[in-house]
Amino acid sequence: MVQKIKMIVPVPVPQAALVGFAAQIPPGLLRPGIEVTFACAARGGSTLDSPYEGVIADAFCLEAGATAEEEGYTAVCINSMSDSGVAGLRSRLSIPVVGTAQSTYALATQLGRRFSILSMWDRWRWLYDKVIGEQKLEDRLASIRSIGVRPDTAELLAGKEDSVFPLLLDAAQKAIEVDGADVLILGSTTMHQSHAFLAERLSVPILNPGLVAFKTCEMLLDLKLTHSKRAYPDPEGTADTIFSAAMGA
């Protein structure tokens, strides 16, 4: 039986950009019997620059994943450190629903005492604070270091290697030497192209969140585990068409 994982990008992006997101998972890590499909929110903001955009992303990630189980998917993952719509989807679905940030922070706490997040943009601070606060991991966070470069959800880091990678390396070294981090995390799945460059040059583990989330999905499927319905109870009724109905679709 093929296990199908639906990866949801929480902002609308062109179809060509989904190819860039899909490149997070190198062919060597894909095993027989696992099929991964990348999709995105139908509507919403563009950069998750604020809690306002975050609430919109929650709604449209719920729309994008609500019928995944009926469509034959065996797991859903929100492919973003925002974990947009995770709680709602866990309530709606009985198949595993993985939040990229939750799974990455959990792994970081197993690999070291304190972790730092390397971010592209200061305006993403709110989404790190949100999930870290929900998971009560404030004492494990050494720092959040931003390089101050506005993200591009269409092109990702393509063509920016010479300018962005050295900035990320400098921020990583300061996180280790100044802030005391012994594990580092890329602050967005849009940054996955920098992982190999940084991993070769750093003395501590650096986590590529998209891959961590993907492997978390695989682990849950292998172990036949899913989220607790005591924590995420089913709704009494569903209204999966509410978004398209509101837009007159």
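This text goes with the structure placed above it.
Residues numbered from 1 in each chain as written. Predicted model: local features only at pLDDT ≥ 70, side-chain atom pairs only at ≥ 80, totals over all residues. Heavy atoms only, no water.

Participant: Explain the overall build of the chain residue by residue, including any values.
Facilitator: Within the chain, the regular secondary structure consists of 9 helices and 8 strands. Taken over the C-alpha trace, the chain has a radius of gyration of 18 Å; the compact-globule value for 249 residues is 18 Å, and the two agree within 12%. Along the three orthogonal principal directions, the C-alpha set of the chain runs to about 50 × 40 × 35 Å. Look at the contacts in the chain between residues 6 or more apart in sequence, and 73% of them connect residues 24 or more apart. Accessible surface, the chain as shown: approximately 11400 Å² in total, 55% of it carbon and sulfur. Here the chain contributes 22 positively and 28 negatively charged side chains, and the mean placements of these two sets differ by 3 Å. (Helix = DSSP H or I, 4+ residues; strand = E, 2+ residues; numbered from the N terminus. Rg over C-alpha atoms; globule rule 2.2 N^0.38 Å. Contact = heavy atoms within 4.5 Å. Areas by Shrake-Rupley, 256 points an atom, 1.4 Å probe, with all protein chains shown as cover. Lys, Arg positive; Asp, Glu negative; His and termini not counted. Charge placed at Lys NZ, Arg CZ, Asp CG, Glu CD.)

Participant: Any details on the nonpolar core? Residues and values, ideally.
Facilitator: With 61 residues, the main nonpolar core has Y105, F115, Y128 and L184 as its most contacted residues. If we skip the residues at most four places from it in the chain, Y128 touches M81, Y105, I117, S119, I144 and G187. One finds Y73, V86, L89 and I95 within the second-largest nonpolar core, a separate group that totals 12 residues. (Core = buried A, V, L, I, M, F, W, Y, C linked by side-chain atoms within 4.5 Å. Buried < 20%, exposed > 50% of the residue type's maximum accessible area, 1.4 Å probe, protein only.)

Participant: Which residues make up the environment of T109, and what values do they have?
Facilitator: Assignment of secondary structure puts T109 in helix α4 (residues 100-111). A relative accessible area of 22% places T109 in the partly exposed class. Between the alpha carbons of T109 and I5 there is a distance of 25 Å; along the sequence they are 104 residues apart. Residues within four places of T109 in sequence aside, it is in contact with F115, L137 and R140. At 2.7 Å, the side chain of T109 forms a polar contact with the backbone oxygen of A106. (Polar contact = N/O pair within 3.5 Å; in protein donor to acceptor, adjacent residues only side chain to side chain.)

Participant: Tell me what's going on with the state of the cysteines, and back it up with residues and numbers.
Facilitator: Counted according to the given criterion, the structure contains 0 disulfides. Between C61, a cysteine without a disulfide, and C40, which holds the nearest cysteine sulfur, the sulfur-to-sulfur distance is 9.4 Å. Residue classification places C61 among the buried residues on the basis of a relative accessible area of 0%. Of all cysteine sulfurs in the structure, the one in C217 sits closest to C77, which takes part in no disulfide; the separation is 4.5 Å. (Disulfide = S-S within 2.5 Å.)

Participant: Outline the sheet that holds strand β4 (residues 97-99), supporting the account with residue identities and numerical values.
Facilitator: Strand pairing in a sheet is mediated by backbone hydrogen bonds. Such pairs are either parallel or antiparallel. The strand order across the open sheet formed by 4 strands is β2-β1-β3-β4, and the pairing between neighbours is parallel. Across the chains shown, the open sheet's two edge strands, defined by having one partner strand only, are β2 (34-40) and β4. The average angle at which neighbouring strand axes cross in this sheet is 20 degrees, direction not considered. As paired strands, strand β1 (residues 3-9) and β2 are joined by 7 bridges and run parallel to one another. Considered in β2, the bridge of M7 is made with F38. Contacting β3 (75-78) and β4, α4 runs over the sheet at an angle of about 65 degrees to β4. (Pairing = 2+ DSSP bridges. Axes fitted to C-alpha atoms, helices over the stretch in contact; angles between N-to-C directions.)

Participant: Summarise the packing of α4 against helix α5 (residues 125-134); cite the residues concerned and give the values.
Facilitator: Where α4 meets α5, the axes come as close as 10 Å, and the angle between the chain directions of the two elements is 65 degrees. Looking at the two axes, α4 sits roughly perpendicular to α5. Every pair of crossing elements has a handedness; the one defined by α4 and α5 is right-handed. For the pair α4 and α5, contact is made by A101, Q102 and Y105 and by Y128, V131 and I132, respectively. Grouping the constituent residues of the contact of α4 with α5 by class yields 5 nonpolar, 1 polar and no charged. (Parallel < 35°, antiparallel > 145°, perpendicular 65-115°, else oblique. Left-handed = near helix turned anticlockwise from the far one by under 90°. Nonpolar A, V, L, I, M, F, W, Y, C, P; charged D, E, K, R; others polar.)

So yeah, pure geometry; function would need other evidence.
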